[in-house]
Amino acid sequence: MSFRMHAALVIAKRRIFESYLSPGYYIAQAVGLLLSYFLISGFVSSIDSSGFNYMLNPLYELIGRSLSGTFGLTFLKKLFASGPFQFVFYVSIIPVFLYLSLSTVFHFCLEKKVGAIELLTYGPVDGTSYFLAFFIKDMVLTILYLLLLILFLSAAALLNNLVLGLAFFYVLVVVFFMMMLLYTISIMISVLTDSSASAIALYIAVIFLFLIVLMGSFTIISTYITSFSSVLSWVINWVSPFFYGGLAISFIEAGYIVNYLLILLVMTVLSCLFLLLSHLVIKVKGVHS
Amino acid sequence: MIRTRGLVKKYGSFTAVDNLDLNISAGEIYGFLGPNGAGKTSTMLMLLGIVKPTAGEIFLFNEKYTPDKLDMRNKIGVVPEKHPYGVWTWMTAFEYMQLFADLFDLKRIHGNCNDRIEYLLLQVDLYGVRNKRIAEFSRGMLQKLSIIRALLHDPDILFLDEPISGLDPIGIKQIRNLILAENREGRTIFISSHLLSEMEKLCHRIAIIYKGKLLAEDSMNSLLAKLVKDREILIDLETLPHNIGNTIKELPFILDTTTNGNTLAIKVSKERDFRKDISGYLINKGLIPLRIEETALSLEEAFVTITNENIDLFTEIGGRE
Amino acid sequence: MKMLFIFFLFFIFIGLSSANVPVRQEQFIYSVMAFNGKDYSGTFCSENSDTIYLIADQDNFITARKTLVYYWPITGDWKTDYDALNYPFDGTLKLTVKGGESRIISSERYTYYNVQGEYEQNWEVTTGDEAEKTWQHYLSLINEYWLITEQYQKAKISFDLMMNKLAEEITKKRNSGLDVTELIEKLKVLRLPEPPQPPNDYIVPPSPVQSAFILNLPRGEYNIHFINKDDTVMEDSKKRVIVFKKRRTDGIGFEVIPGDKWTRPVESKTPSSVLYVDGTTNLYLRPFFQDEFNDLYYKKMLKNDAKGNPNLMNWVHIQQVPGGRIELTGNNYDNEEILEKPFYVEQAKGSGMGYKIVPFDSEGTHKDRGPNLIAFKVLMNNERSVIKLNLLDRNGLNLAGSSRQIRVVVKTRCQSVLLLLCLLPLLVMAVIRIIRSRKYTV
């Protein structure tokens, strides 16, 4: 194994251990699971003799009206066609994802500023192995949370006679790759900026931009947004995890497995590109605080 | 062991290090001195591969050194001026050492490295707090921890940046003894410090850098000898006869005399040690010297001299420009 | 002062009521009769809209006209007032492929109809003289039918008269004790005239011959302009035309009719989806073929000012699946095959509200009536918590995309267990922190 990978794994192990000692990761998980719980129990109480009727539950009425108003009734029907788990998954992944990615952005910049990375680079470590450690940490903790979430959702499905379904697992894989891409973007931003506050602000702005472009191409009010931002959205979609995620989901819906796998490959390649760019930037900028 | 050739570092139009040639032999304690902004930190960062030189070459272990040579860093230990604040606060001292042991893969090389960690902790009186979080450590404790961290992987070269700042006298003594002990093991030690009194006690050779340029690089004694123009001898007498100061001037090597109580201060030229001649003269005069002492130029005085005032004087005596 | 106040109120009233009258604007529009996958539906493209949407490789009919357009707030859409103004323009249409060549399209006389056979696939369009012939042929069929009907009615009247006369004579002679055998023989020989069948050449009869621009285009993006007879371009006539195709075809959807809400069916369109129900009533399923189109394009093709999602595909109900069988499998019971059957909705007798769906009895209770519902009945009971179904065609082959699951949701069991599970990470956190803090004190 190369020195760089060895160092990355050693530091990643400590970072994972650090996450296990701090309350943030657990709180994020608990919030995610609680959101799942409320959404599942709300779904169950929205079932009548003909099927899912979102008007029967106040929470789902709010969700249903908002989603159908923004994305159309077709979107709402498709989202809940096989049950609640696709929607539940999208919502419950958010707390952990935000916690992990924002803490990466914050800690990387802080540790760069106070000279922690520099200290390590006196040894067989470089800036690249340091940010790789963050990436490994984020991926491992994400996988652990996903396993916990699957366990929880399976228990909920069993108790309520619901079914996760094959589509759920396809979506889970897509979202995992999307998160991987977003983590590499967070690392890229951390490497580019010098202060934690600017890095966090920039990262949130980038996610927001991706979301706006997604909504602009996806909502039923899209005419207004896309006419304003058609060129910008075309450019941004090339690197937007949400764009690729939506594309992958539409491919799997149509049964195009090869295209689906290709999209996953594209996201992997993009992630590697961002890591490579980060490596080049940190090589030029250095780690001296 | 460490060699630089024509080392230059520029930050825009500002030249921090200007054509630096250093030569540090294996097994010596090398002191690197200079006032603030002289270029010490930039030099150290280049030697450590943290910062890329604008020009010049660096050789470590007779091999050209570049920052991507991560394997060379196994042979280097570094103690920075300050421990990074607010990082790894959850770690105990023992875990902190284990992190670096893992980074250097000591387990694979040496087997169980816990013994070495415990040994080093004992050396600096930190064994009793090995399970205490480093967030609760004082500055001095952190500094000691930093030093033993740098020694953990048994490096051939040790770079120390202000190693004893923030330490109490006992701590200073501990670190001094540790440095000397490590040097006796054959380790080359590069120290950058402002505590000149300690540098005098520790270093075999000194380099003085000023405005990016190397002003002096020599052994301690040679450097001081070059800078000293004359010697001063202090003599304590039981009673000081009147006019003894003028009388003694008949000796040809006496340059000047002053008296202070029962102490006679005599300035002589620096050619040789004249204490025997002087004591012989005084005994002939029936005066018994209670104490004869030669005062030497201190490193502090030499440092101030070189860097603040007598640049010309220095170049006269053969210093580099 | 009083008079002033009354006048003030009057003007307020006028103002308010005036505000409710939709403002009608005279506009140039394209009236579109587009094929929507199953039949033809009409919409229009006003000056406020810049795009017309059409399905590829189908005949679509466009006319240019001047009419009054207004916004109707109650339904939230734009409408035309053809009764007030409907002026068709005479000219040509210039069609340009995006970034490519253009051609001129002239208006043609046409008619469209659907002949007997597999439903939507038998739409036909004839143009020019052929259209006229088709229309005339249809008219002649109708006229023939009316003639036959007239003859039938006359024959029926004669039959009724003859029946009444014979019945009277039989009664008279019986009462007189005379032999009526001959008369009865005559009665038996009498045959009720057969009512005429309307012409069944068409599922949808030909429309009256009209003139329009017929656009049958491959998938792509185009531009159109209307060119007046004097070769000038009509103002506000430039429109984009998006021609789209279905992504997938011959999908299977199910109309799900719950026994307690038979007038409010829901549709299960997503292949392999799961239908969650509360299991309180039986379900009646009606399978249909469906095609998949872009949500936005399809909705705007049906109604030009509709809203849709441009990045979603939507299944569109095309026609019922004829002659199929449903195969049911699941827990706690043997595999079952069910057939499509007719059902009748019986209202509850007396003052009680409600109804009951029963099998249709054409010979008995429901004679001379038609069934309310023809569907596949899926029995729901406590033992059937999971039902898997597949649709087989009339040859017994499994129709792709027809598999579904019906699951009876359990609403009350062990929710607190799940809630406790949510808090498990916090428990783990507490344990780890306790263990860790012990290490610090050692």
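In this text the structure is predicted, and so the values were computed from the model without any measurement. (Residues numbered from 1 in each chain as written. Chains lettered and ligands numbered in written order. Predicted model: local features only at pLDDT ≥ 70, side-chain atom pairs only at ≥ 80, totals over all residues.)

K.L.:
Outline the overall build of chain A, supporting the account with residue identities and numerical values.
P.N.:
Of regular secondary structure, chain A possesses 12 helices and 2 strands. Ordered by position from N to C terminus, the α and β elements of chain A give α-α-β-β-α-α-α-α-α-α-α-α-α-α. Compactness check: chain A gives a C-alpha radius of gyration of 20 Å against a globular reference of 19 Å for 289 residues, within 12% of the reference. Taking the principal axes of the C-alpha coordinates as reference, chain A spans close to 70 × 45 × 35 Å. Here chain A holds 289 residues, and the buried ones make up 51% of them. Long-range pairs, those at least 24 residues apart, make up 74% of the contacts in chain A between residues at least 6 apart in sequence. (Helix = DSSP H or I, 4+ residues; strand = E, 2+ residues; numbered from the N terminus. Rg over C-alpha atoms; globule rule 2.2 N^0.38 Å. Buried ≥ 20, exposed ≤ 12 C-beta atoms within 10 Å, placed from the backbone. Contact = placed C-beta atoms within 7 Å.)

K.L.:
Any details on the sheet that holds strand β3 (residues 51-55) of chain C? Residues and values, ideally.
P.N.:
Residue and element names in this part refer to chain C. Pairing is mixed in the open sheet, where 5 strands are placed in the order β3-β13-β12-β6-β7. A single partner strand is all that each edge strand has here, and the edge strands are β3 and β7 (102-106). Taken over all neighbouring pairs, the strand axes of this sheet differ in orientation by 30 degrees on average, direction set aside. With 5 bridges joining them, strand β12 (residues 220-228) and strand β13 (residues 239-244) adopt antiparallel strand pairing. What sits directly across from Glu221, in β13, is Ile242. Those strands touched by helix α4 (residues 295-302) are β3 and β13, and its axis lies near 100 degrees from that of β3. (Pairing = 2+ DSSP bridges. Axes fitted to C-alpha atoms, helices over the stretch in contact; angles between N-to-C directions.)

K.L.:
Tell me what's going on with the environment of Phe89 of chain A, and back it up with residues and numbers.
P.N.:
Residues and elements named next belong to chain A. Mapped onto the elements, Phe89 comes out in helix α5 (residues 85-114). It is 39 Å that separates the C-alpha atoms of Phe89 and Lys285, two residues lying 196 residues apart in sequence. Setting aside residues no more than four positions away along its own chain, Phe89 makes contact with Phe168, Val171, Leu172 and Val175.

K.L.:
Go over the confidence of the model for chain B with me, naming the residues and quoting the values.
P.N.:
Residue and element names in this part refer to chain B. Residues at a pLDDT of 70 or more form 89% of chain B, whose mean pLDDT is 82. In this model, residues 310-321 is a region of pLDDT below 50 whose contacts with residues beyond four sequence positions or in other chains number 10 contacts. As scored by the predictor, the complex reaches a pTM of 0.83 and an ipTM of 0.87. (pLDDT = per-residue confidence, 0-100.)

K.L.:
An account of helix α6 (residues 169-184) of chain B is requested, with residue identities and associated values reported.
P.N.:
Here α6 of chain B is 16 residues long and its end C-alpha atoms lie 22 Å apart, about the 22 Å a rise of 1.5 Å per residue gives. Of the residues one or two after α6 of chain B, Gly186 of chain B is the one with positive phi, at around 110 degrees. (Expected span 1.5 Å × (residues − 1).)

K.L.:
Summarise the pairing of strand β11 (residues 210-215) of chain C; cite the residues concerned and give the values.
P.N.:
All names here are of chain C. In terms of strand pairing, strand β4 (residues 60-72) meets β11 through 3 bridges, oriented antiparallel. Among the inter-strand pairings, Ile62 is bridged to a residue of β11, identified as Phe213. Across 3 bridges, the pairing between strand β8 (residues 108-115) and β11 is antiparallel. In the strand pairing of β11, Tyr110 is matched with Gln210.

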